Amino acid sequence: MKIPISLAAACLGVTFFLAAAPQAPPPTGASAPVAAIAPGNRDLTTFTLFKDKQPTGIGAIQVMIKKLDANAQKYSVDIWVGTRHMEKKDIYAGEPIVFYAANDDQPHEFLVRHVLDDRLEGRLLSPRPLPPALPQP
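Residues numbered from 1 in each chain as written. Predicted model: local features only at pLDDT ≥ 70, side-chain atom pairs only at ≥ 80, totals over all residues. Heavy atoms only, no water.

Q: Help me understand the overall build of the protein chain in this model?
A: For the protein chain, the count of helices and strands is two helices and nine strands. Traced from its N-terminal end to its C-terminal end, the protein chain shows the element sequence α-β-α-β-β-β-β-β-β-β-β. For the protein chain, the proportion of its 137 residues judged to be buried stands at 34%. Summarising the internal contacts of the protein chain: among those between residues at least 6 apart in sequence, 44% fall at separations of at least 24. In the form shown here, the protein chain has an accessible surface area of approximately 9,000 Å², with 57% of it arising from carbon and sulfur atoms. (Helix = DSSP H or I, 4+ residues; strand = E, 2+ residues; numbered from the N terminus. Buried < 20%, exposed > 50% of the residue type's maximum accessible area, 1.4 Å probe, protein only. Contact = heavy atoms within 4.5 Å. Areas by Shrake-Rupley, 256 points an atom, 1.4 Å probe, with all protein chains shown as cover.)

And the structure:
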């Protein structure tokens, strides 16, 4: 039985912004989308984000918590990447939010590990900038 890719991604709990180019299917398992982003060429930023009325900067993005539910381990956030605004509602802890910034070829990954009464704890994986090109002789 074949399952549509959109249904498979929904079952794995993965949220994507801006569809990526078609790639080979990822390996099965709940950690497959996270494993697809190689940590060797990424900057890892861990964060503790408190609920506030102003957005907080994490790496190259701005995040503001809208709602927290510690019992259900769910949260709602607003994310700003450059001039683009995304609103994500009722996301579970451990569910990655994958998105592309304006000029990046590789995606960013926003992952919340713990939802507490007044804060979120997690990590942001961002692509490293390319090293400068060597001058031609």
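Right, picking up where we left off after that structure.
Q: Even after reading the chapter, I still don't get the sheet that holds strand β4 (residues 61-69), so can you show me in this structure?
A: The strands making up a sheet associate through backbone hydrogen bonding, with each pair oriented either parallel or antiparallel. Pairing is antiparallel in the open sheet, where four strands are placed in the order β3-β4-β5-β6. Looking at which strands have only one partner, the edges of the open sheet turn out to be β3 (56-58) and β6 (84-92). Each strand of the sheet is rotated relative to its neighbour by a mean of 30°, with strand direction disregarded. Pairing of β3 with β4, which is carried by three bridges, proceeds in the antiparallel orientation. (Pairing = 2+ DSSP bridges. Axes fitted to C-alpha atoms, helices over the stretch in contact; angles between N-to-C directions.)

Q: How should I be thinking about the pattern of salt bridges in this particular structure?
A: Opposite charge on two side chains permits them to pair, given that their charged atoms come into close proximity. For the structure on display, the rule yields seven salt bridges. The salt bridge involving Glu87 is made with Lys89; its shortest N-O contact spans 3.9 Å. (Salt bridge = Lys/Arg side-chain N within 4 Å of Asp/Glu carboxyl O.)

Q: Hey, could you run me through the side chain of Ser76 in this one?
A: You can see Ser76 is positioned in strand β5 (residues 74-81). With relative accessibility at 7%, the residue Ser76 sits in the buried group. One polar contact links the side chain of Ser76 to the main-chain amide nitrogen of Asp90, over a distance of 3.0 Å. Sequence-distant contacts of Ser76, defined by excluding residues within four places in its chain, comprise Met64, Ile65, Lys66, Lys67, Lys88, Lys89 and Asp90. (Polar contact = N/O pair within 3.5 Å; in protein donor to acceptor, adjacent residues only side chain to side chain.)

Q: So what exactly am I meant to see when it comes to the environment of Thr45 here?
A: Structurally, Thr45 can be placed in strand β2 (residues 42-50). Classification of Thr45 by relative accessible area gives partly exposed; the value is 27%. With 77 residues separating them in the primary sequence, Thr45 and Gly122 have C-alpha atoms 8.6 Å apart. Setting aside chain neighbours within four positions, we find Thr45 in contact with Ile58, Gly122, Arg123 and Leu124.

Q: Explain the nonpolar core here, please?
A: One broad rule of soluble globular proteins: the nonpolar side chains tend to lie buried together. If you look at the biggest cluster of nonpolar residues, it comprises 21 residues, and the most contacted ones within it are Ile61, Tyr75, Ile79, Phe110 and Leu120. When contributions to this core are tallied by element, the ones reaching two or more residues are β2, β4, β5, β6, β7 (97-99), β8 (108-115) and β9 (119-127). Sequence-distant contacts of Phe110, defined by excluding residues within four places in its chain, comprise Phe47, Ile58, Ile61, Val63, Tyr75, Ile79, Glu95, Pro96, Ile97, Phe99, Arg123 and Leu124. (Core = buried A, V, L, I, M, F, W, Y, C linked by side-chain atoms within 4.5 Å.)

Q: Just checking my understanding: could you explain the packing of aromatic side chains for this structure?
A: Evaluation of the coordinates by the stated rule reveals one aromatic pair. With a centroid separation of 5.1 Å and an interplanar angle of 10°, the aromatic rings of Phe47 and Phe110 are classed as stacked. One end of the pair, Phe47, is in strand β2; the other, Phe110, is in strand β8, with 63 residues separating them in the sequence. The class for Phe47 is buried, based on a relative accessible area of 8%. (Phe/Tyr/Trp six-rings, centres within 6.5 Å; stacked < 30°, edge-to-face > 60°.)

Q: Help me understand the pairing of β6 in this model?
A: Regular strands place side chains that alternate from one sheet face to the opposite one. Where β5 meets β6, seven bridges bridge the pair, whose relative direction is antiparallel. Bridged to Val77 within β6 is Lys88. In this structure, the hairpin formed by β5 and β6 is closed by a connection of two residues, where Gly82 is found at a positive phi of approximately 65°.

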